[in-house]
There are 2 protein chains.
Amino acid sequence: MDVEWKQNLLSERTETFRPSLIREILKASLGKKDLLSFAGGLPDPSLLPLDVFRSAIDKVILDKSGIALQYGESQGYLPLREWISEFYYGGFGEEVSPSEIIITHGSQQGLDLIGKLFLDNRSRVLTESPTYLGALQAFQVYSPSFSTLTLEKDGVNLSELDEILKKEDITLFYTNPVFQNPSTYTWSESKKRQAAEILDSNECFLVEDEAYRLLDFEGKKHSSISSYRKRKDLCIQLGSFSKIVSPGFRLGWMRVPSGIFGKMILAKQANDLNSNQWSQLVVSEFLKECDWESYLSRIRSSYRERRDLFAETLKSEIPDFEFHIPDGGMFLWVRIPLTDSFLLFEETFKKGLAFVPGREFFPDSSDSSFLRMNFTVLSPSDMQKGVEILADVWKNYPREGT
Amino acid sequence: MDVEWKQNLLSERTETFRPSLIREILKASLGKKDLLSFAGGLPDPSLLPLDVFRSAIDKVILDKSGIALQYGESQGYLPLREWISEFYYGGFGEEVSPSEIIITHGSQQGLDLIGKLFLDNRSRVLTESPTYLGALQAFQVYSPSFSTLTLEKDGVNLSELDEILKKEDITLFYTNPVFQNPSTYTWSESKKRQAAEILDSNECFLVEDEAYRLLDFEGKKHSSISSYRKRKDLCIQLGSFSKIVSPGFRLGWMRVPSGIFGKMILAKQANDLNSNQWSQLVVSEFLKECDWESYLSRIRSSYRERRDLFAETLKSEIPDFEFHIPDGGMFLWVRIPLTDSFLLFEETFKKGLAFVPGREFFPDSSDSSFLRMNFTVLSPSDMQKGVEILADVWKNYPREGT
């Protein structure tokens, strides 16, 4: 039967829905076991200590199955919010009460709920350029316009920030200041402090995405921009368990100021009632049972080794490619001597290798000479194989202007 | 510090956000252990066979932790979609391919995604009156208008349906035709067939919420309205694991026609990337390991006993209250000789007893002389105690007109 669609069946906002190449690659890699992928922001599941995890599950089943197998509070499971308050924010010297925290299905859901509360077709979102693709996907559903700031190695250009905030009616500024996805750049403390002042004096709402904040391989503690602001009522901070525990539990959180807290809870309820109780209890017990600091150290040193190996392999196999070596995170942001890395992506993908072409990370999907390459999930030998495929394609790739 | 809000900081749609008394009661009951609650649509967690559940978890940890602890496909875990296709739809004789199914964080998320795709302030949603509160919450975020149909014991009034579809520009019709929440009414097969024809001839999009479809205590199989429609491209069906396995896993699904499938996947990605992998794998293994038919029978007969006990207790303690005894579901929908049950709710709540006052289930929150009372989670003795509290408050409650 032919599908005949009524005119205007769908809402106007569906016209701005943005596809994600990363999700397409992930789907392809599930069907195609021999695809080597540098594309995802995937942690290594083998770093999760299965014995501690198992004992956490046993505890939940024995003592707490009545809670774990039921609906829960929309705000999230209190012991998990207490852990976030004490060990996450407390570890950075930030005072955040469990009552300010909402547990979400990944920080992606936080971005969607922010879109719901703040954005419509009259809104304007300010982002770094490049910026996190998932934020673009979440926000574009609500049809705002975008303005962008040049991202330098130590944070955004501050005079641009001040100028845009004075000139344009910005609804919110979205930033990812520590090991930014995709650029891996980290704001300097001085820029964070100055940006906080500029945001305060322009009364700008800040959405600070901290997905990689704990993944500094040297254990350095990075302040949040929010912590420097006087107007904490105009800050949301987003966090995630996906990069430090496991994406399998689909859990993140947001710190939400009291002025919009009630509305945010209603948006969460309307979206999915409450976050997965079973996962919240298991993660909460796991965090209680594991030795948090040594667990973190183990992840950090494993990823540091892989970063080093990846950077060395890439440098020796493809000296044309340029990149900055970040102190943390999960990616290298690689500049290649081409104006559009997407065509290169299409070639390597045919040979069984994936990365994310840079244009995915620009609000206007402008062509880009970057590749985002993950180093935290492939084994050393697959990493080597992947780089060899890329080098091989590159060797025979037509150079521009030749 | 005083919070000073910028004018128009939030989007207009936040003005129509709808609170949920059910969620407030749930939150209160978590803090207040002695609150007896007939309010939630809560299954009894003790009906989940913990040994089968545990062995399912062991399997996932041993054989599939690499998949369970990683990001997954936006559409959902294929073996779970295959189970839904074969045992859920197959059990009703409906042919639905796993490729038509999207796994969601509860059917609530399905409702939100539908709102995202279809609704804005130019849209008009048609519902039964009363209707499911969660659907009102999900849809109202997108600021549509509402029209309602009188719900009779065997389904909506069909001439009203035809008339409204001819007169008004309806974006979609939302219905919950089997053991409707809150009324417990179930559409007759004849009304479903006729409604399908009316919907087809008016080219109306149907959203059919089947949360309680498997909970017929006599095991009777109820057809879907969708199965009678010729225009299957204008039907979405929503299902849930919350009522038959556990709400703790926060998993549901939707059957989505191909014409909007791609857009729905983008909306899901923008919302939370993918559904909880860990829960999807555990539930999938659990369903494989449990004897599905005998598991369902056990739940059905346990709930049937409680329904009988509850109905008898209520009848003998408060003969003023009127209700229909449903063949399934989780509620009694009780009519009391008052024009507004909310005031009664406030009184009983002070005495440690909760139910949901009927007005929560009407799009215009009109006063109502109904109570929705759940019978699936309280123990027989708590049920008795709860009814006694209610009887006691009622005995001394000021009658209207006296």
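Residues numbered from 1 in each chain as written. Chains lettered and ligands numbered in written order. Predicted model: local features only at pLDDT ≥ 70, side-chain atom pairs only at ≥ 80, totals over all residues. Heavy atoms only, no water.

**Student:** It is not clear to me how the packing of helix α4 (residues 106-118) of chain B against helix α5 (residues 133-140) of chain B should be interpreted in this structure. Could you clarify?
**Tutor:** Describing two packed helices takes the angle between their axes plus the distance from one axis to the other. Residue and element names in this part refer to chain B. Running from amino to carboxyl end, α4 crosses α5 at an angle of 35 degrees, the nearest separation of the two axes being 8 Å. The crossing of α4 and α5 is right-handed. Across the interface between the two elements, Gln108, Leu111, Asp112, Ile114 and Gly115 of α4 pack against Gly134, Ala135, Ala138 and Phe139 of α5. In the contact of α4 with α5, the residues fall into 5 nonpolar, 3 polar and 1 charged. (Axes fitted to C-alpha atoms, helices over the stretch in contact; angles between N-to-C directions. Helix = DSSP H or I, 4+ residues; strand = E, 2+ residues; numbered from the N terminus. Left-handed = near helix turned anticlockwise from the far one by under 90°. Contact = heavy atoms within 4.5 Å. Nonpolar A, V, L, I, M, F, W, Y, C, P; charged D, E, K, R; others polar.)

**Student:** What exactly am I supposed to notice about the sheet that holds strand β10 (residues 322-323) of chain A here?
**Tutor:** Note on sheets: strands pair through backbone hydrogen bonds, and any given pair is parallel or antiparallel. Residues and elements named next belong to chain A. One open sheet accounts for 4 strands, arranged β10-β11-β14-β13; its pairing is antiparallel. Both edges of this open sheet fall to β10 and β13 (356-357), since each of them pairs with a single strand only. Pairing between strand β11 (residues 331-335) and strand β14 (residues 370-374): 5 bridges, direction antiparallel. Bridge assignment links Trp333 to a residue of β14, and that residue is Arg372. (Pairing = 2+ DSSP bridges.)

**Student:** Looking at this model, I keep getting lost on the packing of helix α6 (residues 158-167) of chain A against helix α7 (residues 189-201) of chain A. Mind explaining?
**Tutor:** Residues and elements named next belong to chain A. At a minimum axis distance of 10 Å, the contact between α6 and α7 shows a crossing angle of 10 degrees. When the axes of α6 and α7 are compared, the pair comes out roughly parallel. Taken together, the residues of α7 that come into contact with α6 (itself represented by Leu158, Leu161, Asp162 and Leu165) are Lys191, Gln194, Ala195, Ile198 and Leu199. Residue classes in the contact of α6 with α7 are distributed as 6 nonpolar, 1 polar and 2 charged. (Parallel < 35°, antiparallel > 145°, perpendicular 65-115°, else oblique.)

**Student:** What is the right way to look at the sheet that holds strand β5 (residues 155-156) of chain A in this model?
**Tutor:** All names here are of chain A. Here 8 strands make up an open sheet; going across it, the order is β2-β9-β8-β7-β6-β3-β4-β5 and the pairing mixed. Looking along the sheet, the strands with just one partner apiece sit at the ends: β2 (101-104) and β5. Seen against the sheet, helix α9 (residues 258-272) touches β2, β8 (235-240) and β9 (252-255) and runs at an angle of roughly 15 degrees to β2.

**Student:** What should I look at first to understand helix α7 (residues 189-201) of chain B in this one?
**Tutor:** Think of an α-helix as 3.6 residues a turn; residues three or four steps apart then line up on the same face. Residue and element names in this part refer to chain B. In this model, α7 (13 residues) spans 19 Å end to end at C-alpha, consistent with the 18 Å of a helix rising 1.5 Å per residue. Of all the positions in α7, only Lys191, Lys192, Ala195, Ala196, Ile198, Leu199 and Asp200 are classed as buried. Tucked into the core, α7 has its buried residues touching β4 (145-152), β5 (155-156), α6 (158-167), β6 (172-175), β7 (206-209) and α8 (225-228). Downstream of α7 by a residue or two, Glu203 has a phi angle that is positive, lying close to 50 degrees. (Expected span 1.5 Å × (residues − 1). Buried < 20%, exposed > 50% of the residue type's maximum accessible area, 1.4 Å probe, protein only.)

**Student:** Can you help me understand unusual backbone geometry in this one?
**Tutor:** Outside of glycine, negative phi angles account for most residues, and trans bonds account for most peptide bonds. Going from A:Ser129 to A:Pro130, the amide bond is cis rather than trans, its omega being 5 degrees. Relative to the helices and strands, A:Pro130 is located in the loop between β3 (124-129) and α5 (133-140). One non-glycine residue, B:Ser143, lies in the positive phi region at around 60 degrees. Mapped onto the elements of the fold, B:Ser143 is located in the loop between α5 and β4. One non-glycine residue, B:Ser365, adopts positive backbone phi at about 50 degrees. Summarising the element assignment, B:Ser365 is placed in the loop between β13 (356-357) and β14 (370-374). Residue class for B:Ser365 comes out partly exposed when judged on its relative accessible area of 37%.

**Student:** Is there a simple way to explain the pairing of strand β11 (residues 331-335) of chain B in this structure?
**Tutor:** The side chains of a regular strand alternate between the sheet's two faces. All names here are of chain B. Across the 5 residues that make up β11, a large majority, 4, are buried. As judged from the 2 bridges shared by strand β10 (residues 322-323) and β11, these two strands associate in the antiparallel manner. In the strand pairing of β11, Phe323 is matched with Val334.

**Student:** Please clarify how the interface of chain B and chain A should be interpreted in this entry.
**Tutor:** The figure often quoted for interface size is the accessible area lost as the parts come together. Counting residues at the interface gives 92 residues for chain B, matched by 92 residues for chain A. Buried surface at the junction of chain B and chain A, summed over both partners, amounts to about 8,100 Å²; 58% is from carbon and sulfur atoms. It is B:Arg23, B:Leu69 and B:Tyr71 that lose the most area in chain B upon contact with chain A, and together they represent 10% of the buried surface on that side. Viewed at the interface, chain A and chain B are joined by 6 salt bridges. The partner of A:Glu12 in a salt bridge is B:Arg122, and the shortest N-O contact between them spans 3.2 Å. Joining chain B to chain A, the criterion identifies 52 residue pairs in polar contact (both at pLDDT 80 or more). Looking at the side of chain B that touches chain A, the elements that each hand over two or more residues are α1 (21-31), α2 (50-68), α4, α5, α9 (258-272) and α10 (277-289) of chain B. No other element matches α9(B), which puts 10 residues into the side of chain B that touches chain A. Split into classes, the residues belonging to the side of chain B that touches chain A amount to 39 nonpolar, 29 polar and 24 charged. (Buried area = accessible area lost by both parts, 1.4 Å probe. Salt bridge = Lys/Arg side-chain N within 4 Å of Asp/Glu carboxyl O. Polar contact = N/O pair within 3.5 Å; in protein donor to acceptor, adjacent residues only side chain to side chain.)

**Student:** Explain the pattern of salt bridges here, please?
**Tutor:** Pairing between side chains of opposite charge can happen when the charged atoms of each approach one another. All names here are of chain A. Tallying each qualifying case throughout the model produces 50 salt bridges over all chains. Where Lys64 meets Glu285, a salt bridge forms, and the shortest distance between an N and an O atom there is 2.6 Å. Residue Lys64 is found in helix α2 (residues 50-68), and its partner Glu285 is found in helix α10 (residues 277-289); the two are separated by 221 residues along the sequence. On the basis of relative accessible area, Lys64 is assigned to the partly exposed category, the value being 22%.

**Student:** Which parts of the structure should I look at to understand the side chain of B:Ser341?
**Tutor:** Residues and elements named next belong to chain B. Relative to the elements of secondary structure, Ser341 occurs in helix α12 (residues 341-350). Judged by relative accessible area, Ser341 falls into the buried class, the value being 0%. Residues contacting Ser341, with those up to four places away along its chain left out, are Ile336, Phe355, Pro357, Gly358, Ser368, Ser369, Phe370 and Leu371.

**Student:** Teacher, can you tell me more about the domain arrangement of chain A here?
**Tutor:** Residues and elements named next belong to chain A. Under the domain assignment, chain A is made up of domain 1 (12-48 + 293-395) and domain 2 (63-289). The centre of domain 1, based on its C-alpha atoms, is set 24 Å off from the matching centre of domain 2. In this complex, domain 1 contributes 32 residues to the contact, which on the side of domain 2 involves 32 residues. Regarding the contact of domain 1 and domain 2, the summed buried area is about 3,100 Å², with carbon and sulfur atoms giving 66% of it. Taken as a group, Arg18, Arg300 and Pro363 account for 20% of the area that domain 1 buries against domain 2, more than any other trio of residues on that side. On the surface where domain 1 and domain 2 come into contact, there are 1 salt bridge. Measuring nitrogen to oxygen at the nearest pair gives 3.7 Å for the salt bridge that ties Glu218 to Arg304. Where domain 1 packs against domain 2, one counts 12 residue pairs in polar contact (both at pLDDT 80 or more). Considering each element in turn, the side of domain 1 that touches domain 2 owes the most residues, 7 residues, to helix α11 (residues 292-317). For the side of domain 1 that touches domain 2, the class distribution of residues is 18 nonpolar, 6 polar and 8 charged. (Domains from an automatic or database assignment.)

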